[in-house]
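# Geometric and topological summary
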Amino acid sequence: AFEDLRRMVHLLRVVPSAETQLRLIMREEISSKGKEILELLQEEDPVNVIDLLLELRKKFETLVHESFSRKQDSLRSGPGENRDLFSFDHGTLDPSSLVVDKSYVDVINDAFRSFINVPELPEFLCLYLDRMLRSGLEGRSDADIDRELDAVMTIFRLSDEKDVFERHYRNHLSKRLLHGRSSSDEAERIFVAKLKNECGQLYTSKLETMFSDLRNSVEMSSNISLPNLDIEVAVLTAGAWPITYVPCCTLPEEIHHGLDVFQQQYMSRHEGRRLSWIAHAGSHAEVRGHFGWNQEPRTYEFLVNTYQMVILHLFNAKSSLTVKEMREETEIPDEALERNLLTLALGKVRILRKGTKGPELADDDTFSINESFTSRSIRIRVQTISSRKVRRTLVNLGRATPRRLFSHIWNFIRRRKRSKSRPGPKLMRTAALRLKQPSCV
């Protein structure tokens, strides 16, 4: 099929303006199929949508490479000047002598650029990368990994929202690095290097700082000794990591003492620096739980986050606690306390028992250890449930800066002027109201 199409294109090249029409037809076909794919955003998994876009691009890139390539010397001739009409009647055309016609590559790029710049694209592209870098590259060769990342870069280059992409990507990267969920550290660095080559050193400076922080933390931990305490501390550069500072909760005495020792040894080596503990950003803690003292004793190891560890530690001293008591003793923020209590009492791994039914929490609601807890696994990871109060941050991330607000207002005014639906003064008043409510633009 590629050979037949190549012959047809070769014939068309002797007809003036025929290739121009062919490029227009190709552009319309790519744009039409791309828009059909983007219509699936509300129904399909965003990762699947990005996958379909990459397949569409690969399909037409293969088509251009196999059927629209030209001889090196024919690229220098104008329309109608390439007269070697029957040069491959006997199969004498050597594919190695062909080069890709850049004009058709430009058609693919222009077609993708016409439909791909939707507000959701940066976030969805980061979700696709996040899933790929977590588990999608296992067992792949270096060449396959590089090819997969290059395919993503072809979409990234056409995006007008590279600043929004960087924010989303930095959020996902921080979670993968801090929680140790990346399947390949080398692939992570390769992709950041590709971003640096495309956008410059300033664009990736924070991403590179994140890698440097973790590398330095590993070296530093080997030089600082914490007796009788198995804990890993990551020293992060303020401003490079997308982590909101929250005052540290009240940690168990053993851990608090160990962190004091760490801070003293760190400050003796780095004078003039200041450490602020961010407990909620920790990856996980291992907690051993003993159940069924009155019946058959059972012991499990739970992998929990820092807040859950602090909550469970309270039940070493008391068999039952109210929400108010836990809030006062731990100093965990209200939303985080609610989310983690519901995870431990109503999630898949129900270590605690809630005194009242339902997900609503009141200060006098009581919690106790679920002595009847059983599991087939000895080592159990506790997955935190989604908070009902957490909203998607796409709009906030996408419209956070004054420049972006101005851009949205300008687009709104331009659309209204084009439709001539409102007179000038009323249009400006409406724009002013939209500026106060940017989420409505």
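As a starting point, this report considers the structure included with it. Predicted model only: the values in this text are computed from it and were never measured.

Cut-offs used in this document
Residues numbered from 1 in each chain as written. Predicted model: local features only at pLDDT ≥ 70, side-chain atom pairs only at ≥ 80, totals over all residues. Heavy atoms only, no water. Helix = DSSP H or I, 4+ residues; strand = E, 2+ residues; numbered from the N terminus. Buried < 20%, exposed > 50% of the residue type's maximum accessible area, 1.4 Å probe, protein only. Contact = heavy atoms within 4.5 Å. Areas by Shrake-Rupley, 256 points an atom, 1.4 Å probe, with all protein chains shown as cover. Axes fitted to C-alpha atoms, helices over the stretch in contact; angles between N-to-C directions. Parallel < 35°, antiparallel > 145°, perpendicular 65-115°, else oblique. Nonpolar A, V, L, I, M, F, W, Y, C, P; charged D, E, K, R; others polar. Pairing = 2+ DSSP bridges. Core = buried A, V, L, I, M, F, W, Y, C linked by side-chain atoms within 4.5 Å. Polar contact = N/O pair within 3.5 Å; in protein donor to acceptor, adjacent residues only side chain to side chain. Left-handed = near helix turned anticlockwise from the far one by under 90°. Patch = residues over 30% accessible without salt bridge, like charges linked within 9 Å, V, L, I, M, F, W, Y side chains within 5 Å. Salt bridge = Lys/Arg side-chain N within 4 Å of Asp/Glu carboxyl O. Lys, Arg positive; Asp, Glu negative; His and termini not counted. Charge placed at Lys NZ, Arg CZ, Asp CG, Glu CD.

### Points about the overall build of the protein
- Of regular secondary structure, the protein possesses 16 helices and eight strands.
- The buried share among the 441 residues of the protein stands at 40%.
- Of the contacts formed within the protein by residues at least 6 apart in sequence, a portion of 71% connects residues at least 24 apart.
- Carbon and sulfur atoms make up 50% of the accessible area of the protein, which totals about 26,000 Å².

### A short note on the packing of helix H3 (residues 46–67) against helix H5 (residues 121–136)
- For the pair H3 and H5, the least separation of the axes is 8 Å and the interaxial angle reads 95°. Judged on the interaxial angle alone, H5 and H3 are roughly perpendicular. Contacts between H3 and H5 involve Pro 46, Val 47, Ile 50, Asp 51 and Leu 54 on the former and, on the latter, Leu 121, Phe 124, Leu 125, Leu 127, Tyr 128 and Arg 131.
- Its residues placed into classes, the contact of H3 with H5 shows nine nonpolar, no polar and two charged.

### Observations regarding the pairing of strand E4 (residues 298–304)
- By the criterion of burial, E4 is predominantly enclosed, with five of the seven residues buried.
- Across seven bridges, the pairing between strand E3 (residues 285–291) and E4 is antiparallel. Within the sheet, the bridge partner assigned to Gly 289 lies in E4 and is Tyr 300.
- Relative to strand E8 (residues 379–381), E4 is paired through three bridges, and the arrangement is parallel. By the bridge assignment, Phe 302 is partnered in E8 with Ile 380.

### Quick notes on the nonpolar core
- In this structure, Met 26, Phe 112, Phe 165, Tyr 169, Phe 191 and Leu 195 are the most contacted members of the largest nonpolar core, which totals 56 residues.
- Broken down by secondary-structure element, the contributors of at least two residues to this core are helix H2 (18–38), H3, helix H4 (102–116), H5, helix H6 (142–158), helix H7 (162–179), helix H8 (185–199) and helix H9 (205–223).
- Excluding residues within four positions of it along the chain, Tyr 169 makes contact with Cys 126, Leu 129, Leu 133, Arg 176, Glu 188, Phe 191, Val 192, Leu 195 and Leu 207.
- Ile 224, Val 304, Met 309 and Val 349 belong to the second largest nonpolar core, which has 43 residues in total.

### Examining the sheet that holds strand E7 (residues 366–369)
- Read from one edge of the open sheet, three strands run E5-E7-E6, paired in antiparallel fashion. This sheet does not close on itself; its edge strands, each paired only once, are strand E5 (320–322) and strand E6 (352–354). Ignoring strand direction, the axes of neighbouring strands in this sheet form an average angle of 30°.
- Seen against the sheet, helix H13 (residues 334–346) touches E6 and E7 and runs at an angle of roughly 100° to E6.

### Looking at the environment of Arg 273
- Summarising the element assignment, Arg 273 is placed in the loop between helix H10 (253–269) and E3.
- Under the relative-accessibility criterion, Arg 273 is labelled partly exposed at 48%.
- Setting aside residues up to four positions removed in sequence, Arg 273 forms contacts with Tyr 266 and Met 267.
- Within the structure, Arg 273 has its side chain in polar contact with the side chain of Tyr 266 (distance 2.9 Å).

### Re the packing of H6 against H8
- Two elements in contact, H6 and H8, have axes whose closest approach is 11 Å; the angle formed by their N-to-C orientations is 35°. Judged by the sense of rotation from one axis to the other, the crossing of H6 with H8 is right-handed. Where H6 approaches H8, its residues Ile 145, Asp 146, Leu 149, Asp 150, Val 152, Met 153, Phe 156 and Arg 157 are matched on the opposing element by Ala 187, Ile 190, Phe 191, Lys 194, Leu 195, Glu 198 and Cys 199.
- Considered class by class, the residues forming the contact of H6 with H8 number ten nonpolar, no polar and five charged.

### Section: a positive patch on the surface
- Together, Lys 175, Arg 181, Arg 339 and Arg 381 make up a region of like positive charge exposed at the surface.
- Here Lys 175 lies in helix H7.
- When its relative accessible area of 46% is taken as the criterion, Lys 175 is described as partly exposed.

Read these as spatial facts, not as claims about activity.
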